[in-house]
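Okay, here's what each chain looks like letter by letter:
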Amino acid sequence: MYYKSTRNSSVNISSAEAIVQGISADGGLFVPSEIPPITMDEIVKLGDMSYSERAAYIFAKYLTDFTEAEIKYCTDNAYNDKKFATDNIAEMSHLFDGTYILELWHGPTCAFKDMALQILPYLLTTSAKKINIDKKIVILVATSGDTGKAALEGFADVPGTQIMVFYPEDGVSPMQKRQMTTQDGANVAVCGIEGNFDDCQNGVKAIFTDEAVKSKLEENKLMFSSANSINWGRLAPQIIYYISAYATLVKDEEIKAGDKINIVVPTGNFGNILAAYYAKHMGVPVNKLICASNTNKVLTDFITTGVYDRNRDFFTTISPSMDILISSNLERLLYLMCGENDAQIREWFGALSKTGKYEVTDDIKAKLAEEFAAGYCDDTETKATIKRIFDKYSYTLDTHSAVAVKVYEDYRQKTGDTTKTVIASTASPYKFSASVLEAIEGKTSDLDEFDMVDRLAELSGYEIPASLAELKTKEKRFGDVISREKQREYVLGQLSL
Ligand SMILES: *Cc1c(COP(=O)(O)O)cnc(C)c1O
């Protein structure tokens, strides 16, 4: 097994190199040279293992240059009961006849990004060591809220790393800001930028590519890396929970080994649903992969028409982590679907960056229709779904997961398909308390964010995650807010350069 680039099939590097490089120099994304199979016997055996053991077993198929001990070091440090609020790491909840919610939000920041960002720092530092890079890894993150906190929690106090996160001072929720500015860890720094998310992002990009900064890092045995969602080290960990979910359903006798399931995923950057596609092609019996979007429905349109067109209005919704018009990970899917034709990918993604648009071939349209279903749901329907599920099943959904539930209900009604179904739930309702409360109570709450959490606890009966409960009284550690022009100076200062 080796890794190649979606824009140059002749690239041949190890998984450690792919993880350290993050993105290929040709602009493509790294993909494994083959999708490794997993047999039904193997999947059934996973049922008797802990999550960390399941993860190690599956990683061994992708990270073939890692030793068993190296993989175990990564999985044990990431998936344990100090980091996650449940021993099972991901929980499965039976919602209604044959429909299960896969709760991916029991990690330290209450969103599914923890599933990958808890392990990425270990994969990254282990990879660097393996390829004899003897440098401290410096992570710079520009965040619109959730990724920054998840990256901070992942990298905090991981040996051999340092992390700096920049957020738009007026562009994140009070709760998100508190989550970040109270972050523990000796190797972390958090800084507000006077500007919007793009200002933060552009600043980070400029520093990444600044030659003078690069050579200063070099002299001091430091290197930059990124934690963003196109890194293979973020995708691979997401494959695990789909295989694990199937193993759990078999073990709990909800399905028989070999039965097909549907998987529904609330989608933004296409990472989470692509992981489900990999799980299917490894050997998990999947009938349909159902892609759920909010009003930014570029993916629904793509899957139903074969035309990807980002030239459209951008909507700010109550499921903000899905407010995306360029779904980067789609490149990996299309590379696989077009028979690893790198020239074809260069053409489509060249057109995307030039004109914002491309259209796939009839052959790919047919493959998309065979493997995927897609739908979308607006804010009004999202809120109505939260309310309906709350009233009917006493289950409290967050806004993103509610989009998935609604799209699934529509799919089931339209097709009559009653295949057992796993719906990926990507955030705790507490993470989006204001919208969830509004949906349930039918009016905008005038409480502050912490009182909203308390109110939601009264209504839902769900325990408030300790990581959110403690924020109220936790000491603020980072108060810097700087102009965009000062970002470079800030980074150099933090690194004592
Ligand atoms: C990031 C995120 C998503 C979208 O996941 P992708 O992998 O980008 O498709 C959905 N829900 C939540 C809560 C998220 O944080």
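Our structure's up above, just so we're on the same page.
Caption draft 1: The overall build of the protein chain, seen in detail. What the protein chain contains, in helices and strands, is 22 helices and 16 strands. Whereas a compact globule of 497 residues would reach a radius of gyration of roughly 23 Å, the protein chain reaches 22 Å, a difference of no more than 12%. By its C-alpha atoms, the protein chain is 65 × 55 × 50 Å across when sized along the principal axes. Split into buried and exposed, the 497 residues of the protein chain put 58% on the buried side.

Caption draft 2: Representation of the environment of lysine 177 in the model. Checked against the element boundaries, lysine 177 lands in helix α8 (residues 174-181). Using a relative accessible area of 22% as the deciding quantity, one classes lysine 177 as partly exposed. In this structure, the C-alpha to C-alpha distance between lysine 177 and glycine 192, residues 15 residues apart in sequence, is 9.0 Å. In this view, lysine 177 contacts Tyr167, Glu169 and Val172; residues no more than four positions away in its chain are not counted. A distance of 3.0 Å separates the side chain of lysine 177 from the backbone oxygen of glutamate 169, its partner in a polar contact.

Caption draft 3: Inspection of the sheet that holds strand β16 (residues 481-483) at higher detail. Pairing is parallel across the open sheet formed by five strands, whose spatial order is β9-β6-β7-β8-β16. Of all strands in the sheet, those bounded by a partner on one side alone are β9 (222-225) and β16. For this sheet the average axis-to-axis angle between neighbouring strands, irrespective of direction, equals 30 degrees. As paired strands, strand β6 (residues 136-142) and strand β7 (residues 161-168) are joined by six bridges and run parallel to one another. Bridged to isoleucine 139 within β7 is isoleucine 163. Across the sheet, helix α6 (residues 120-130) touches β6, β7 and β9, and the angle it forms with β6 is around 140 degrees.

Caption draft 4: Representation of the site of the ligand. Within the structure, the ligand sits among 14 residues, and Lys113, Gly268, Asn269, Asn272 and Thr426 are positioned closest to it. Between glycine 268 and the ligand, the recorded distance is 2.7 Å, taken from a backbone N or O atom to an oxygen atom. Glycine 271 is positioned such that a nitrogen or oxygen atom in its backbone is 3.3 Å from an oxygen atom of the ligand. When the ligand is considered free in solution it has 380 Å² of accessible area, and contact with the protein chains removes 95% of it.

Caption draft 5: Representation of helix α15 (residues 342-355). Between its terminal C-alpha atoms α15 stretches 20 Å, which fits the 20 Å expected from 14 residues at 1.5 Å a residue. Those residues of α15 that fall on the buried side of the exposure criterion are Asp342, Gln344, Ile345, Trp348, Phe349 and Leu352. The arc that holds every buried residue of α15, seen down its axis, measures 155 degrees, which confines them to one face. Pointing more than 90 degrees away from the buried face of α15 are the exposed residues Glu347 and Lys354. Where α15 begins, the side chain of asparagine 341 points an oxygen toward the backbone nitrogen of alanine 343, at a separation of 3.2 Å. Just downstream of α15 lies glycine 356, where phi reads positive at about 80 degrees.

The rules we used
Residues numbered from 1 in each chain as written. Predicted model: local features only at pLDDT ≥ 70, side-chain atom pairs only at ≥ 80, totals over all residues. Heavy atoms only, no water. Helix = DSSP H or I, 4+ residues; strand = E, 2+ residues; numbered from the N terminus. Rg over C-alpha atoms; globule rule 2.2 N^0.38 Å. Buried < 20%, exposed > 50% of the residue type's maximum accessible area, 1.4 Å probe, protein only. Contact = heavy atoms within 4.5 Å. Polar contact = N/O pair within 3.5 Å; in protein donor to acceptor, adjacent residues only side chain to side chain. Pairing = 2+ DSSP bridges. Axes fitted to C-alpha atoms, helices over the stretch in contact; angles between N-to-C directions. Near = heavy atom within 4 Å. Areas by Shrake-Rupley, 256 points an atom, 1.4 Å probe, with all protein chains shown as cover. Expected span 1.5 Å × (residues − 1). Arc of directions from axis to C-beta.

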